[in-house]
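Coordinate analysis (summary)
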Amino acid sequence: MLDSVLVANRGEIARRVIRTARRMGIRAVAVYSDADADLPYVREADQAVRIGPAPPAKSYLDAAALIEAARQTSAQAVHPGYGFLAENAGFARQVMAAGLTWIGPDPKAIEQMGDKIRARNLMEQAGVPVSPGSREPVTDIKAALAEGERIGYPVMVKAAAGGGGIGMGVATGPAELQAAFDTARSRAERFFGSPEILLERYVQRARHVEVQILGLADGQVLALGERDCSVQRRHQKVAEETPSPGVDDKLREQMLAAAVRAGQAVNYKGAGTVECLVDTDAGTFVFLEMNTRLQVEHPVTELVTGIDLVEQQFLIAAGQPPSFDPAAVTPQGHALELRIYAEDPIRFLPGPGTITEWQEPTGEGIRVDAGYQAGNTVTPFYDPLMAKLCAHGADREQTLERARKAVAAFTIKGPKTNLAFHAELLTSPEFVSGDYDTSLISRLRPS
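To start, this report covers the structure provided alongside it. Every value quoted in this text rests on a predicted model; they were computed, and no experiment measured them. Every chain's residues receive numbers from 1 upward, in the order its sequence appears when written. Owing to the predicted nature of the model, reporting of local features is limited to residues with pLDDT of at least 70; listing and counting of side-chain atom pairs is limited to 80 or more, with chain, interface and lining totals taken over all residues. Calculation of side-chain values draws on the structure's entire complement of heavy atoms; hydrogens and water are dropped beforehand.

1. What to know about the sheet that holds strand β10 (residues 221-233)
Here, strands pair whenever DSSP counts at least two bridges between them. Note on conventions: DSSP H or I runs of at least 4 residues are helices, E runs of at least 2 residues are strands, and numbering of each starts at the N terminus. The strand order across the open sheet built from eight strands is β13-β12-β9-β10-β11-β14-β19-β17, with neighbouring strands paired in antiparallel fashion. For this open sheet the edge positions go to β13 (284-291) and β17 (366-370), each flanked by a neighbour on one side alone. Between one strand axis and the next, the sheet turns by 25° as a mean value, whatever way the strands run. Summarising the sheet, β17 and strand β19 (residues 385-393) pair through five bridges and their orientation is antiparallel. The residue bridging Asp 369 from the neighbouring strand is Lys 388, located in β19. Residue contacts are counted whenever heavy atoms from the two residues lie within 4.5 Å of one another. Angles here are taken between N-to-C directions and fall from 0 to 180 degrees, while the axes themselves are lines fitted to C-alpha atoms, restricted in helices to the stretch in contact. Taken strand by strand, helix α11 (residues 309-317) contacts β9 (206-215), β10 and β12 (270-279), and its axis lies near 40° from that of β9.

2. A look at the sheet that holds strand β1 (residues 4-7)
Within a beta sheet, neighbouring strands are joined by backbone hydrogen bonds and run either parallel or antiparallel to one another. Overall, parallel pairing links the five strands, which are arranged β3-β2-β1-β4-β5 in an open sheet. Every other strand in the sheet has two partners, leaving β3 (47-52) and β5 (101-102) as the edge strands with one partner each. In terms of strand pairing, β1 meets strand β4 (residues 77-79) through three bridges, oriented parallel. Within the sheet, the bridge partner assigned to Val 5 lies in β4 and is Ala 77.

3. Describing unusual backbone geometry
Geometrically, the link from Tyr 153 to Pro 154 is a cis peptide bond, its omega value of 0° lying close to zero. Examined against the element boundaries, Pro 154 turns out to sit in the loop between α7 (141-151) and β6 (155-159). Cis rather than trans, the peptide bond between Thr 242 and Pro 243 has omega equal to -5°. Of note, the phi angle at Ser 74 is positive, near 60°, even though the residue is not glycine. In this model, His 235 sits at a positive phi of 65°, which is unusual for a non-glycine residue.

4. Overview of the pattern of salt bridges
Any carboxyl oxygen of Asp or Glu within 4 Å of a side-chain nitrogen of Lys or Arg constitutes a salt bridge here. Summed over all chains, the structure comprises 42 salt bridges. Across the salt bridge formed by Glu 12 and Lys 388, the nearest N and O atoms sit 2.9 Å from each other. Of this pair, Glu 12 sits in helix α1 (residues 11-23) while Lys 388 sits in strand β19, placing them 376 residues apart in sequence. Burial classification: accessible surface area is computed with a 1.4 Å probe over protein chains only, and a residue below 20% of its type maximum counts as buried, one above 50% as exposed, and the rest as partly exposed. Its relative accessible area of 5% is what places Glu 12 among the buried residues.

5. Concerning the packing of aromatic side chains
Pairs were defined over the aromatic rings of Phe, Tyr and Trp, the Trp ring being its six-membered one, requiring ring centres within 6.5 Å. Orientation was assigned from the angle between planes: stacked under 30 degrees, edge-to-face over 60, tilted for the rest. Summed over the entire model, instances satisfying the criterion amount to eight aromatic pairs. Here Tyr 60 and Tyr 382 contribute two aromatic rings whose centre-to-centre distance is 5.6 Å and whose plane-to-plane angle is 80°, an arrangement assigned as edge-to-face. Note that Tyr 60 is positioned in the loop between β3 and α3 (63-72) and Tyr 382 in the loop between β18 (377-378) and β19, a separation of 322 residues in sequence. Judged by its relative accessible area of 0%, Tyr 60 falls in the buried class. On the basis of an interplanar angle of 85° and a centroid distance of 5.4 Å, the ring pair of Trp 358 and Phe 410 is categorised as edge-to-face. Separated by 52 residues along the polypeptide, Trp 358 in strand β16 (residues 357-359) and Phe 410 in the loop between α12 (396-409) and β20 (411-413) bring together distant segments of the chain. Across the pair, exposure class does not vary: Trp 358 and Phe 410 are buried alike. An aromatic cluster is present here, built from Tyr 60, Phe 84, Phe 381 and Tyr 382 joined pairwise through their rings. When the ring centre of Tyr 341 is taken as reference, the NZ or CZ atom of Arg 233 above it lies at 4.6 Å. Seen from the ring of Phe 431, Arg 396 lies directly overhead, with NZ or CZ sitting 5.0 Å from the centre. Put simply, a charge is over a ring when the Lys NZ or the Arg CZ is close to the ring centre, within 6 Å, and near the line of the ring normal, within 35 degrees.

Here you go:
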């Protein structure tokens, strides 16, 4: 088994990984930038190393500094968390070349799934449904217009090498496609270093549903249920739940089977997520992308299955079997995650600041994964996620009621927060009914 791990991340996810590592008797090494020196995860690690100033490029994205920190502390492995370098195949290879254990899938799988067009083509070959879309990168507007006509409007325009909803746009015709293409290409170059664009058929009323997979050390790929991630602002997730209230048993069975095929197609090892788009009118689904890492919303799967996914990541990386019986996974109840951001609850713009009061809710079925405490400062250098508030209950009704009480009891003073939005969401008739789609927030917050 592994004896030590360097957590190449910060905030909430670093704290989460450290918690499981210490429970398993694995020495946990934290890294921090100047902006994060006072955060809880730094204190809670067995050892902590400063890796640079606040800007990510000079700290958490500095592969050489991270590997040197592992060398200095005699860490045996590297866990990348999510974001930053978690899906960077080059970094994974550097970690392995340094003689360290990479807590994640093989770099080849990261590369195969990191390019959306390559991933689409590979999934189609594996028998996973894909939407009509580009088979080759679209590099200029002339090619984009031709693809738009071939695919049929409306079309979704997005970066072929990107993720997180950055630069995505919808075009209902050639005129809109010009603007959407220019925006997507500009942001693709800025954020992902590649101008290549992908066009796909846009589904008017869709749910974003993903499947948690786990590739075991023996080569077996498991599907641990689905999560509904349709509550989004600017194509970025705000709340997630499992099971999805918009997926029936037949469709669920099809999606889980397709996710297993997706994992098998790339010989996947570790925790990963196969993301799908569900056409609510047709009752069908198509592959969107695969995230070759642990997801922000992994706690809801943990709550209904009782499986610690970080623990499984450690075991798989060490070549050991899982800590549960793969043939006896039976999800119980319903779980919901609410992302608590330091942001304006109306316009969803970041609102950093120093936290003067922090009081987390408690109670049966309540879990809080937090990256901050009173006295800490949410800076503008990183994503403004402060905590994840999760509720688990025997059914969806009980889960929503527990979540409402928890939101009301969560006190954060100093920076702006989106707690007021979550209170509104949890009483919204559309969300409460379970009959919602990815445009829900646009109806709650009409521009």
